[in-house]
Amino acid sequence: MSFEELGLSSEVLRAVTEEGYDSPTPIQSAAIPLVLSGRDVMASAQTGTGKTAGFTLPLLQRLSQSERPTRGGKRGPPPVRALILTPTRELAAQIAESVATYGKYLNMRSSVVFGGVSINPQISQLRKGVDILIATPGRLLDHASQNTVDLSRLEILVLDEADRMLDMGFIHDVKRVLALLPEAGQRQNLLFSATFSKEIKQLATRMLNDPQLVEVAAQNATADRIDQQVHFVDKGRKKELLSRMISDEDWRQVLVFTRTKHGANRLAEQLSKDGLAAAAIHGNKSQGARTRALAGFKEGQLRVLVATDIAARGLDIDQLPNVVNFELPNVPEDYVHRIGRTARAGLSGKAVSLVCVDEVKLLRDIEKLIKRELPRIHIEGFEVDPSIKAEPIRKTSKPSPGAGQGRGKRSRDRATGNKPAAAPKSSNSRGGHQRRRGA
Ligand code: AMP
């Protein structure tokens, strides 16, 4: 299927072609025609599937084909026509970028509002008139309480990453936002979520009108394209091992996950002392610092971005090649979200987890969830805690083909024989190639 066959207008197609997209992703093929037809849609899609274009392209087209409502003599800001609600500031900023990119040949005004930055520039934007508003719930409600936004004539509502929204405790804010909109039947509603819990279904009943369900077979992020590895290591030596991996394998860009904000700060500082350009990104950082760190990372000035789970949600970094779990997450599902930051939109990537003795149980839970045993690696010079040694580390005596690609400082043994429990395609047969992709 091609983008042309989906019924998109020439202006939208032109922008898509310029982005270098050859063909629609499965979620795009399924969702775009439905959204264009005006139906409400409830779609299961994770980040990395191309879902943003899946709702943005038809949304832009629909708005561009209908009249902009007049104010009708009302005072206050001109009405917003489409609202895209997202759980995090970073995701809001990224969607805003996508809307601007995909809509560059249309006469659409879009703007983004989120907390942590001054509200005044947002107010002036809204006063000038915004067709498409991308927002996090808290700041949007601030605007509503100050009457600086008018949502009473909304035509299209998108709730993105609904499950994250609920996880992060925004359900009441979302309900308050819904109360500011026209009745569900008077607007088009699109809900995107990676999972459909009971709570999401309840929210869907409240928010959607006879929705069409779109379920694209979950791109099992963990199965195919991500080269996942586990390295057992003493807790106190993780930082040293990480520095070594980054230098030896010459990683240009690595996203590292820690469990705590404090841990993220400390690690970023230590890596910087080792001469690796690193910054931390988490909820205690000012929005300016977060935006700067993300921009520096995307542009290649920063080699390492250390993030907590919440801060990393929704991050879309083109061609991110490496993810490291400096600490395993407490919730196994977060492992899947974390490593899903790499290998996006059809690319491949690598995810290494540094596991200490305290985390063996967490690793077991993750392996149970993804139904496979992850290949263990071992970098010479890093003694494994004896109590972990009992773990099923099966080494091959043959050095991996990738081992010589570093600077020859390390050798690597790799368990290539571990059979996945529920055998999805085995990625551990790749034998440790350090795949490098273009910047
Ligand atoms: P998303 O799941 O919306 O966060 O998108 C993930 C990444 O896929 C983004 O970097 C998009 O630019 C990219 N992308 C979206 N649609 C396509 C497509 N049809 N072909 C190639 N890349 C795409």
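Preceding this section is the structure that the text describes.
These remarks concern the structure in this document. Since this is a predicted model, take the numbers as computed values, not measurements.

By the secondary structure assignment, Thr-17 is in helix α1 (residues 10-18). By relative accessible area, Thr-17 is classed as exposed at 55%. In this structure the side chain of Thr-17 is engaged in a polar contact, spanning 2.7 Å, whose partner is the backbone oxygen of Leu-13.

A separate point is the pairing of strand β1 (residues 41-44). For a regular strand, side-chain orientation follows a simple rule: the groups alternate between the two sheet faces. Side chains of β1 alternate between two faces, with Val-41 and Ala-43 and Met-42 and Ser-44 buried alike. Judged from the four bridges that link them, β1 and strand β6 (residues 188-193) form a sheet pairing that is parallel. In the strand pairing of β6, Ala-43 is matched with Phe-192. Of the strand pairs in this sheet, β1 and strand β7 (residues 212-215) are connected by four bridges, and their pairing is parallel.

Take the sheet that holds strand β2 (residues 82-85) next. Read across the sheet, seven strands follow the order β3-β4-β2-β5-β6-β1-β7 without closing on themselves; strand pairing throughout is parallel. Two strands in the sheet have a free side with no partner beyond their single neighbour: β3 (110-113) and β7. Adjacent strand axes in the sheet meet at a mean angle of 15 degrees when their direction is disregarded. Direction of pairing for β2 relative to strand β4 (residues 132-135): parallel, over a ladder of four bridges. Its bridge partner being in β4, Leu-83 is matched across the sheet by Leu-133. Sitting on the sheet, helix α4 (residues 89-102) is in contact with β2, β3 and β4, with an inclination near 160 degrees to β4.

Let us now look at the environment of Leu-59. Looking at the secondary structure, you find Leu-59 in helix α3 (residues 51-64). Under the relative-accessibility criterion, Leu-59 is labelled buried at 0%. If we ignore the near neighbours within four places in the chain, the residues touching Leu-59 are Val-35, Ala-82, Ile-84, Ile-132, Ile-156 and Val-158.

Cut-offs and rules
Residues numbered from 1 in each chain as written. Predicted model: local features only at pLDDT ≥ 70, side-chain atom pairs only at ≥ 80, totals over all residues. Heavy atoms only, no water. Helix = DSSP H or I, 4+ residues; strand = E, 2+ residues; numbered from the N terminus. Buried < 20%, exposed > 50% of the residue type's maximum accessible area, 1.4 Å probe, protein only. Polar contact = N/O pair within 3.5 Å; in protein donor to acceptor, adjacent residues only side chain to side chain. Pairing = 2+ DSSP bridges. Axes fitted to C-alpha atoms, helices over the stretch in contact; angles between N-to-C directions. Contact = heavy atoms within 4.5 Å.

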